[in-house]
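# Close look at the chain arrangement
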Amino acid sequence: MFNQDLIHIIPILFLIATGLLLMMLDAFKVRSVLPLIAGIGFVGTAVLALPLQEGMDVQQLAFNKMIFTGGLASLVTILLSVSGLFTLFFLSDFLKRQEKPIYDIYALLVFAVVGMILLANANDLIVTFIGLETMSICLYIMAALFKRDLKSNEAGLKYFLLGAFATGFFIYGIALIYGGAGSTNYSSMDFARLQESGLLLPGMGLILIGFLFKVSAFPFHAWTPDVYSGSPTPLAGFMATGSKAAAFIAFGIFLNKTLPDVVVNEKIYNVIGVIALLTMIYGNVVAVQQKSLKRMLAYSSIAHSGYVLLALCAGPEGLMAAVFYMFIYTLMNIGAFGMIGMAELKDQDADLDGWKGLGMRNPWFGAAMSIFLFSLAGIPPLAGFMSKYFVFISAIHAKYTLLAILGIITSVAGAFYYIRVIVSMFFQTTEKPVEVKTSNIYPTIGVGILAALLLLFGLYPAAFTSQLDHLFVLADYFTQATP
Amino acid sequence: MDINSLIILLPLFGAAIIGILGFVSESFRKQEALIGGLGTLMVAVPFGLILMNFLGYHEHPVHFRIFDWIVSGTINVSFGYTLDELSLLMGLIVTGVGSLIHIYSIGYMHGDKGYYKFFLYLNLFIFAMLNLILGDNMAVMFLGWEGVGACSYFLIGFWYEDMAKAAAAQKAFVANRIGDFAMLAAMFLIFDYTGKATGNYSLNFSDILGLDWAADSAPTFWVALLVFIAATGKSAQIPLYVWLPDAMAGPTPVSALIHAATMVTSGIYLISRLGEIFIHAEGVMAFIGIMGALTALLAALIAIAQNDIKKVLAYSTVSQLGFMFMALGAGAFTTAIFHVMTHAFFKACLFLGSGSVIHAMDHTHAVEDGQDIRTMGNLKKYMPATHITFFVSTLAIAGIPLFSGFFSKDEILGKVFANGLMGGEFIYYLVWIIGAFTAALTAFYMTRVYFLTFRGKERFNAHGHDPHESPATMTIPLYVLGFLAVVGGFVGLPEVFDHGHLNWISHHWLGHHGTVTMEHTEDLGHVSAGIEWALILFSSLIAIGGVYFAWNFYTKHDLEGDTIIKNKLGKLYDWMGNKFYVDELYEFVLIKPFVRAGTDVIMVFDKYVLDGIVNGIGSLTLFLADVFKRIQTGYVGNYALMIVAGVMILLTYLFFF
Amino acid sequence: MEIFEPNLYLYLSVSAVMFAIGTLGVLTRRNAIVIFMCVELMLNAVNLTLVTFSRFLDDAAGSMLVFFVMCVAAAEAVVGLAIIIALFRNKRDIDVNNFNLFKW
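What counts, and where the lines are drawn
- Residues numbered from 1 in each chain as written.
- Chains lettered and ligands numbered in written order.
- Predicted model: local features only at pLDDT ≥ 70, side-chain atom pairs only at ≥ 80, totals over all residues.
- Helix = DSSP H or I, 4+ residues; strand = E, 2+ residues; numbered from the N terminus.
- Buried ≥ 20, exposed ≤ 12 C-beta atoms within 10 Å, placed from the backbone.
- Contact = placed C-beta atoms within 7 Å.
- Core = buried A, V, L, I, M, F, W, Y, C linked by C-beta atoms within 7 Å.
- Nonpolar A, V, L, I, M, F, W, Y, C, P; charged D, E, K, R; others polar.
- Expected span 1.5 Å × (residues − 1).
- Axes fitted to C-alpha atoms, helices over the stretch in contact; angles between N-to-C directions.
- Parallel < 35°, antiparallel > 145°, perpendicular 65-115°, else oblique.
- Left-handed = near helix turned anticlockwise from the far one by under 90°.
- pLDDT = per-residue confidence, 0-100.

Within chain A, the secondary structure is distributed over 20 helices and two strands. Across the 483 residues in chain A, those meeting the buried criterion constitute 66%. At a minimum sequence separation of 6, the contacts of chain A that also span at least 24 residues come to 77%.

Helix and strand counts for chain C come out as three helices and zero strands. Secondary structure elements of chain C occur, N-terminal to C-terminal, as α-α-α. Across chain C, the fraction of contacts at a sequence separation of at least 24, relative to all contacts at a separation of at least 6, is 51%.

As a further point, take the environment of Asn204(B). In this structure, Asn204(B) sits in the loop between helix H7 (163-198) and helix H8 (205-210). Each C-alpha atom of the pair Asn204(B) and Thr194(B) lies 9.8 Å from the other, and the pair is ten residues apart in sequence.

Right, let's get into the nonpolar core. Among the nonpolar cores identified, the biggest contains 243 residues, and Ile209(A), Ala311(A), Tyr325(A) and Ala395(A) are the most heavily contacted of them. Formed by 206 residues, the second largest nonpolar core is a distinct cluster that contains Ile101(B), Ala175(B), Leu244(B) and Ala336(B).

What follows concerns the interface of chain A and chain B. Tallying the contact residues gives 34 residues for chain A and 29 residues for chain B. When residues of the side of chain A that touches chain B are traced back to their parent elements, those giving at least two are helix H7 (150-181), helix H9 (200-214), helix H10 (223-230), helix H12 (265-288), helix H17 (383-397) and helix H20 (462-474) of chain A. Partitioning the side of chain A that touches chain B into residue classes produces 25 nonpolar, four polar and five charged.

The next thing to look at is the interface of chain A and chain C. Contact with chain A, which involves 37 residues of that partner, is made by 36 residues of chain C. Listing elements by their share of the side of chain A that touches chain C, those giving two or more residues are helix H6 (125-143), H7, helix H8 (191-197) and H10 of chain A. Broken down by element, the residue count for the side of chain A that touches chain C peaks at 16 residues, all from H7(A). For the side of chain A that touches chain C, the class distribution of residues is 18 nonpolar, eleven polar and eight charged.

This part is about helix H1 (residues 5-24) of chain B. Taking 1.5 Å as the rise per residue, H1(B) with 20 residues should run 28 Å; its terminal C-alpha atoms sit 28 Å apart, in good agreement. Looking only at H1(B), the buried set comprises Ile7(B), Ile8(B), Leu10(B), Pro11(B), Gly14(B), Ala15(B) and Ile18(B).

So, about unusual backbone geometry. Residue Pro219(A) follows Phe218(A) across a cis peptide bond; omega there is 0 degrees. Each neighbour pair has its own omega, and for Ile238(B) with Pro239(B) the value is 10 degrees, a cis peptide bond. Tracing the chain through its elements places Pro239(B) in the loop between helix H9 (217-234) and helix H10 (243-246). Look at Lys65(A): it is not a glycine, yet its phi comes out positive at around 60 degrees. Looking at the secondary structure, you find Lys65(A) in the loop between strand E1 (60-62) and strand E2 (67-69).

Turning next to the packing of helix H15 (residues 309-329) of chain B against helix H19 (residues 426-454) of chain B. Geometrically, a packed helix pair is captured by the angle between its two axes and the distance between the axes. All names here are of chain B. As a packed pair, H15 and H19 sit with axes 11 Å apart at the nearest point and diverge in direction by 155 degrees. Here H15 lies roughly antiparallel to H19, going by the angle between them. The handedness of the crossing between H15 and H19 comes out as left-handed. Facing Ile-309, Val-312, Ser-316, Ser-319, Phe-323, Met-326 and Gly-329 of H15, the residues of H19 in contact are Val-431, Gly-435, Thr-438, Thr-442, Tyr-445, Met-446, Val-449 and Thr-453. Looking at the contact of H15 with H19 residue by residue, the class counts come to eight nonpolar, seven polar and no charged.

Glancing now at the packing of helix H5 (residues 104-120) of chain A against helix H11 (residues 233-258) of chain A. Residues and elements named next belong to chain A. Packing of H5 against H11 leaves a shortest axis separation of 8 Å and a crossing angle of 15 degrees. In this view, H5 runs roughly parallel relative to H11, as classed from their interaxial angle. Once H5 is placed against H11, the crossing between them reads as left-handed. The segment H5 lies against H11, with Val-113, Met-116, Leu-119 and Ala-120 engaging Gly-242, Ser-243, Ala-246, Ala-247, Ile-249 and Ala-250. Looking at the contact of H5 with H11 residue by residue, the class counts come to eight nonpolar, two polar and no charged.

Interpretation of this model should avoid reading the predicted coordinates in detail wherever pLDDT is low. Residues and elements named next belong to chain C. Predicted confidence across chain C gives a mean pLDDT of 89, with 96% of residues reaching 70 or more. Mean pLDDT per element in chain C: helix H1 (residues 6-28) is the minimum at 91, and helix H2 (residues 32-57) is the maximum at 93. Interface confidence for the predicted complex, expressed as ipTM, amounts to 0.95; the pTM equals 0.67.

Attention now moves to H2(C). End to end, H2(C) covers 37 Å across 26 residues, agreeing with the expected 38 Å (1.5 Å per residue, within 8%). One or two steps after H2(C), the chain reaches Asp58(C), where phi turns positive at roughly 55 degrees.

With that settled, consider the environment of Ile268(A). All names here are of chain A. Along the chain, Ile-268 turns up in helix H12. Along the backbone, Ile-268 and Leu-201 are 67 residues apart, and their C-alpha atoms lie at a distance of 9.0 Å. Residues within four places of Ile-268 in sequence aside, it is in contact with Met-204 and Leu-259.

All names here are of chain A. Secondary-structure assignment places Thr-167 in helix H7. A residue is classified by how many C-beta atoms lie within 10 Å of it, and Thr-167, with 25 of them, is buried. Taking the C-alpha atoms as reference points, Thr-167 and Lys-214, separated by 47 residues in sequence, lie 9.4 Å from one another. Excluding anything up to four places from it in sequence, Thr-167 contacts Glu-133 and Gly-210.

Following this line, the structure appears as structure tokens:
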């Protein structure tokens, strides 16, 4: 029995071992191979998670029903490893050009992904909490990575203080749910008792706040722009994608595991719906005003959180749309942040002004960046369009038609600031142009793969969605009543 | 993957290869033979594949799917295709005529600086057209529908440096947009109706046609009307036909392929495909018939007074499309498709012949405009191959017995008459009368064009640069199409022979397994053999009479003939020459008021209201952004306060509301 | 509401009050270290709630979670203090209101 459990979590164990190895190698000053080892770790995890064996495409529970493995959980593991892997493509080049020889980051990146995998595959609020904190602590350090740089310090401080603060609410919520339901495990919670005890609403509310903070929903979003602006650019991309994807999936699982069994679910869904709308409006509106590209993408990531929150209102179908959305968003946003990093000079912020004419000076760069931006804006035939489409269609199926329409309006309005960047890149000139000078080939390879994937999933989303559909059915999500 | 997928994918692949190589490689652009050969191959192989399917067809449609496009809980859109009787026949026409025109273009476009782009667009057009006719659902069909429109737009404006040609492309684009809008509306209605009727939303043709469209008259009526409006755009009927004559600004092979043989017939294809819906919308059917007849008559009248060889052919295309719509209006869907086929042969041949003539005339450098028939004459002497093929195609379109056009046109008139006789609908007699008169006009103006171009006096002064016959790549397609124009009609012998059992196209192919609905005409039964013989005799007489009259008239008077007609008809001839001032009418009724309103009334509205709204939204967003961003003070304490405020509001709502 | 014993509410109230004090501290203080201490106070308030429930439910999971919370708090302290030290090195100041390079 115990053995079986260990076999189930082999991908996570492999990644943890990789992380430990990276720390050792760093300690013994074997540093040139670190990115490669980390890359092998991510690829290995993804491969080990592949449901190769017979019957492995059914999601199962391991470790006393604490954690999901196989099936849908494998898919999630692969997605999160992919986010780590693509961050890696941009990282070593970025650190070299910024002249910051930091090698702890590879182990941190690996451990952050371990935390994400635990968070997204938890069937128990204890595991959710541990995963969330493992991930968050790594992210705090990432934000403050450049310790002589005041901006990075400030980003780290803000992220850390507010993150710890929100954790307080989150764990308080867990404590109250535990007190009411008699367990922290979704499989053995006593929902009748929870409702009777009166702890349901405060518990639910406080846990929601923890999740809403992590996914940077309005009004818990305030840390996002400051932290992303101050963090090293490729890592900002990682924070905006991987950590949010994990938090969203955990959030979705939480809602789908608890809400169908309680009577107040409509109330909770209304709250999330309203927050989704505010988040979309806030993110899109403020992004228009931004001059710094990183800050603009930070606000845009707030807006994107709004869309995914809208999907979470829509039950299992929405969760499916959210998983697809976060996967596509991971691909396009890591690409966009990575490319901003590629054009960033030492100790200088990426300013829209310097990017003017960049597309004419460097057509391949301009074309690839346009793919990412068009995809973020949700313009067909790129994958960003398909992912938005699934989100809005799931919201409409769940009768959130008004929210879906408002969401579509904000996303159309939001396209403006992405396209403004493209226009600047191709049709304007500037006095102080930035140039793209990468120190190795990896960022270029990463950009190529990401752009190709966005085109592929835009033209042929069924390659992914049919599989997703299949796994969701096997994971038994559709037997529950939809809200 | 199914081998049949290559039918769809090869033209796309060809377009991609030619496009990419042409874009990156200067030297590739100069390899005319390679580009042309590759382009042709990418259409010829699908032709072969369709032919194989056609010959091996065994009563069961072949389905194949390239991939599922969108798969989501309730919606499933896939790139699925069906090869059934109707789509196979259309596919043969498109790829067959398409291959010939590709070959022809190798010679015709020689030396053009956009050579590779031309073949890129042609291959892309074939790809889109195959999507349109082979698609098994309306989403794929619509993709093709838009695709052919876009290719047509690119190709009309192919020589975009010329402002008039770019304007013609714009006009085609706008007219097609109106139709496309109706198409979209029809698709939404169909989608909605399938969902309501069966609980399963679908755009698949099999699901759509499986419904009982007789049950509810309202959606049936609107769907039929909207599809017809969409067809008037793409297939150039009143009131949207105005773009087609202007579309002759494109290279002549394009006129032959897109604006005569294939794209413009897609409206007819679609109505035939959805015949099951149309037969339950009788009012719309009568409307289609009368609109077809009026279009045919109007276009034929205009064609008589045109001097540009391509303009005459363009108006004759509009007129012939009108005939097809008459057939559709009478519920004779198979007959309409039959005419699509014969028309593809003889009209493609005529256009390619005109291209050959223009090629030759431009070469002489003796005339200002190589398309004006008044400056031609006696080209028979210089261009024997072009002459003979043009001649037989003229006889075919005029409806001379035993040539292909005779069979299809006679069948159309017969079906329309039978509809009037059996259904007792007076309107169909009117349609028949107009149709018969138009047939006579057709014989007359086509003979005129032929005569003024190839016979009579030599009205140009070549100064030693005699016009010469075109190269073999151009004449071979002419011969093939000319041959088909002569014999193509025998697949549809009149009903009177062996009760229609010799009419292969209606009885053994299209109508055989209900692919194209025959119900309407079958229900009406058949007119007696005597009446049918009389009708055949009558059609023959008007065709022969028209040709004979024109022949004698122009032999006698040559170019003076036009002046005589002009004097006879007086004011009417001026109207015909000026295309009944329809363009001017549209200008006056539609465009001018908009412009004037734009300068006067709307200007004010625009300035103070619309601009106000647009700028207002812009400044409101900026203002809001300015306000909202103040929330982001940069102080950790304020951020924590926001979180706590959020907690308070959320918990208050959860507890008290 | 007879599922809980009356005594339970005393413990829960103490814990809630501690949590509120911690929250107010975070809102009002400007020294980064004090703010962090207030967060620790909040976490400890939660720990009190957890052990209370664990005791009254007669279930070990709650106590177990307390240990995890303590571990996490310790880890956060390590990282947090490191960040604060880095800040202090660069700026000789740990008043959070003086850190707003980023705004709007």
